[in-house]
Amino acid sequence: MGLDRLSSWGCNSDCNWANHWRGNSKSYKDSVSYGWLKLTVESKIAVETTNLSYISPSGKKLLDNLNCKISKGSIVGILGDSKSGKEIFLQTLNKIIPTFTGGIVEGKIIVNGLNVMEHTVNELAREIYTILEEPSLQIVQTIVYDDVAFGPSNMQLPTSEIRRRVDFALESTRLSGYEERNCYTLSGGEQQRLAIAGGIAMLPKIICMINPFSMLDPIGKKEISAVISQLNKNYNITFLITDGGQDIEILARLSDELIFMDNGKIINRGPPKELFSGKYEIDMRFPEIAELFTMLDGNITRAEIPLSVSEAVEFLTKLLRGKRQKISKTSKEPDKISKKVDPIITVRNLEHTYPGPPPVKALRGISLDIYPGELVAIIGQNGGGKSTLALHLVGILKPTNPEAIITVDGIDVPNASTMEIINHINYVFQNPNDQIFTEKVWDEVAFGLKMRGLNQEEIRKRVQETLRLFGLEQYANEHTAFLTPGIKTLLALASVAIMNPRILIIDEPTGGLDYKEADHVLKIIQALNETGKTIILITHDMRIVSKFTSRVIVIHQGQILLDGSPSEVFAREDLLKKAYIEPPEIAQLARELGLPLDILTVEDMYKYLRGVLSWSG
Ligand SMILES: Nc1ncnc2c1ncn2[C@@H]1O[C@H](COP(=O)(O)OP(=O)(O)O)[C@@H](O)[C@H]1O
Ligand SMILES: [Mg+2]
């Protein structure tokens, strides 16, 4: 039994671990020239852990006696909330933990026949590679092509092979054409694609992915899922993929097996159809189709749980035969915001070209009106221009065409001062790390009011009130760097909301959160909207759009493609495809079955089907 005490290794200031684990070190090259491949012992097991525990430097037990075998060539989804330990589990496998984090790993880990304890991060990198969720941590070169080529180059592959792999990786991640772009100017979703491309290009035997779909546009999620299947089939690569419930639909269809973790322990594991059959109590969001069928269980008899739209269509078509006409449309009227009032935001002919090189035409003539009290979603493909548009509304970016008009709450934004603008409209960044800059949670929330010069008593009162509203009181004295992603997002939102602007733009607030954290954040956003705030919500999650918003704007290549109620927009599947958007699965199901197109959520569909199925009553 190994006791791996590496806490003394702690990461010193100049240790670039991304660099290390993409193979850039002398020791790695040495290991190659000394016949590295001979180290590998053939076995059918990709990963085996025995009594694996991890105790953090602060003494918390974050993994608790994991015993887990994963077969070679399988695709395994690892599910759990943000405290479940799923990411930590994956990072112990390639020794990132504890090498760069400190703490104590106990137990035994065998990866492709290698005892992890006896090898370095660099040695393990060829066997097992982890794609992190935070893409900026993994960028090691400035130019896209070089960044993807970095891993294969360090593996000392022939140039032609490097090129082949980079081309394949870029194409698989929809980044062909981005070769010469600066990695640091890519949009959030494009950076996530880049991180995935960097991992694919190394063709390691095992790929671990931390919430890999979180920032991708809906069709992008499917594309990456297809690439994973393809690599798995063609190269027998084993995949371990985490998810906090946000992308459970994708993972349930992709995985051979799902492992459900909670509190550092494995609670359940099995094939997706088994795990979501309804027989187990698991504290996780179910895929929409599975949720619908478990809700219907009293009314139908089924052999197994459908997980895909096509399976559900097959089942329900038989069930609905002849029954449909008895039911009238469920028809919930879309909330039409009265256009009699003046808009609170007016944008006319807004263009923006980033200078580059190469120059990028990000906005190509945007015109829109937003009305007071609306909760509007902005959706669209990665790199479509959503964040760029948002940054113009708060004056951080200026139009590159002089005739553009941006009026917000009576203010001529391009010509107003920041102080003037933020009294009316403010922006919550896509990545809270770009926004949070103080050490203590309390100071972060108080910062804006201090800048406004409010007196101390007033500041204290308002910070306390805001912390309470956002459920952050218990974190008031915590260090901002150590908060979970969910709490960071809430903090970013709280520190902007405290300024009490009439309009809030919130950029992809649920990326990286587990589904419970995401729901909590959305409830708070909804509550802010109910107090009269106008809210613009940028998101990739179509379930959020159908559940929480009354209007949705689709941006495609810097232009507005569609603008309407969720049911109007989701009915235009042809146009949506162009913007790499797919309606939520329940809307797809309604369409395939020829049901009313205002059925968008599981609850809508359940109500409709209950009505049809209770035909006798
Ligand atoms: N600072 C920058 N320099 C050059 N190009 C940029 C910069 N920021 C964003 N871009 C590019 O502009 C386009 C729109 O980006 P963005 O508005 O961030 O998209 P998204 O819709 O994903 O939020 C993308 O192609 C992106 O790569
Ligand atoms: Mg963005």
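This structure is a prediction, so every number in the text was calculated from the model and none was measured.

Per the secondary structure count, the protein chain includes 24 helices and 21 strands. Considering only C-alpha atoms, the protein chain reaches an extent of 75 × 70 × 50 Å along its principal axes. Scored against the burial criterion, the 617 residues of the protein chain give a buried share of 58%. Restricting to contacts in the protein chain with at least 6 residues of sequence separation, those with at least 24 account for 70%.

Attention now moves to the coordination of the magnesium ion (ligand 2). Ligation of the magnesium ion (ligand 2) by protein atoms is provided by Ser387 (OG) and Gln430 (OE1), these donors lying 2.1 to 2.4 Å from the ion. You can see serine 387 sitting in helix H14 (residues 386-393) and its partner glutamine 430 sitting in the loop between strand E17 (425-428) and helix H16 (441-452), a full 43 residues away along the chain.

In the segment running from isoleucine 97 into proline 98, the intervening peptide bond is cis, with an omega of 5 degrees. Here proline 98 shows up in helix H4 (residues 96-99). Positive phi, close to 60 degrees, is recorded for glutamine 156, a residue that is not glycine.

With that settled, consider the site of ligand 1. In the vicinity of ligand 1 lie 16 residues, with Arg181, Glu190, Gly383, Lys386 and Thr388 positioned nearest. Between ligand 1 and the protein, one listed contact pairs an oxygen atom with a backbone N or O atom of glycine 384 at 3.2 Å. Threonine 388 is positioned with one of its side-chain polar atoms (N or O) 2.5 Å from an oxygen atom of ligand 1. Bound to the protein, ligand 1 loses 86% of the 560 Å² it would expose on its own.

Moving on to the side chain of glutamine 138. Within the element layout of this structure, glutamine 138 appears in the loop between strand E7 (128-131) and helix H6 (144-154). Within the structure, glutamine 138 has its side chain in polar contact with the backbone nitrogen of leucine 132 (distance 2.9 Å). Polar side-chain contacts of glutamine 138 include one of 3.3 Å to the backbone oxygen of glutamate 134.

This paragraph deals with the pairing of strand E4 (residues 75-79). Successive side chains on a regular strand alternate, one facing one side of the sheet and the next facing the other. Burial analysis of E4 places 5 of its 5 residues in the buried class, which makes it a mostly covered element. Along E4, one buried face is formed by Ile75, Gly77 and Leu79 and the opposite face, lined by Val76 and Ile78, is buried too. Examined bridge by bridge, E4 and strand E9 (residues 238-243) share 5 bridges and lie parallel to one another. Bridge pairing in E9 places leucine 79 opposite aspartate 243.

Its domain assignment divides the protein chain into domain 1 (3-275), domain 2 (286-334 + 585-617) and domain 3 (345-584). Centre-to-centre separation of domain 1 and domain 3, based on C-alpha positions: 31 Å. With 26 residues of domain 1 in contact, the opposing surface of domain 3 contributes 27 residues. Together domain 1 and domain 3 conceal approximately 2,100 Å² of surface at their shared face, both sides included; 48% is due to carbon and sulfur atoms. Along the contact surface separating domain 1 from domain 3 lie 2 salt bridges. Between aspartate 81 and lysine 516 there is a salt bridge, with its nearest N and O atoms 3.8 Å apart. Put simply, domain 1 and domain 3 have 14 residue pairs in polar contact (both at pLDDT 80 or more) between them. Going through the elements one at a time, helix H8 (188-201) and helix H9 (218-235) are the ones with two or more residues in the side of domain 1 that touches domain 3. Residue contributions to the side of domain 1 that touches domain 3 peak at 5 residues, all from H9. Residues belonging to the side of domain 1 that touches domain 3 are distributed by class as follows: 4 nonpolar, 9 polar and 13 charged.

Bringing the packing of H8 against H9 into the picture now. Between two packed helices, the angle of one axis relative to the other and the distance separating the axes together describe the packing. Running from N to C, H8 and H9 cross one another at 5 degrees; their axes reach a closest spacing of 13 Å. As far as their axial angle goes, H9 and H8 are roughly parallel. Of the residues in H9, those touching H8 at Arg193, Ile196 and Ile200 are Gly220, Glu223, Ile224, Val227 and Leu231. For the contact of H8 with H9, the residue count by class is 5 nonpolar, 1 polar and 2 charged.

Moving on to the nonpolar core. By size, the foremost hydrophobic cluster in this structure holds 75 residues, and its most contacted members are Phe276, Leu292 and Leu589. No other element matches the 7 residues that helix H24 (residues 602-613) contributes to this core. Non-local contacts of phenylalanine 276, meaning those with residues more than four positions away in its chain, are made with Leu79, Ile248, Ala252, Leu258, Ile282, Arg285, Phe286, Pro287, Ala290, Thr294, Ile305 and Leu307. If you look at the next biggest cluster of nonpolar residues, it comprises 39 residues, including Ile422, Val428, Val445 and Ile535.

Taken as a whole and assessed by the stated rule, the structure comprises 0 disulfides. Cysteine cysteine 208 shares no disulfide, and the gap to the nearest cysteine sulfur, in cysteine 68, comes to 11 Å.

How each quantity is defined
- Residues numbered from 1 in each chain as written.
- Chains lettered and ligands numbered in written order.
- Predicted model: local features only at pLDDT ≥ 70, side-chain atom pairs only at ≥ 80, totals over all residues.
- Heavy atoms only, no water.
- Helix = DSSP H or I, 4+ residues; strand = E, 2+ residues; numbered from the N terminus.
- Buried < 20%, exposed > 50% of the residue type's maximum accessible area, 1.4 Å probe, protein only.
- Contact = heavy atoms within 4.5 Å.
- Donors = N, O, S within 2.8 Å, 3.2 Å for Na, K, Ca; no water.
- Near = heavy atom within 4 Å.
- Polar contact = N/O pair within 3.5 Å; in protein donor to acceptor, adjacent residues only side chain to side chain.
- Areas by Shrake-Rupley, 256 points an atom, 1.4 Å probe, with all protein chains shown as cover.
- Pairing = 2+ DSSP bridges.
- Domains from an automatic or database assignment.
- Buried area = accessible area lost by both parts, 1.4 Å probe.
- Salt bridge = Lys/Arg side-chain N within 4 Å of Asp/Glu carboxyl O.
- Nonpolar A, V, L, I, M, F, W, Y, C, P; charged D, E, K, R; others polar.
- Axes fitted to C-alpha atoms, helices over the stretch in contact; angles between N-to-C directions.
- Parallel < 35°, antiparallel > 145°, perpendicular 65-115°, else oblique.
- Core = buried A, V, L, I, M, F, W, Y, C linked by side-chain atoms within 4.5 Å.
- Disulfide = S-S within 2.5 Å.

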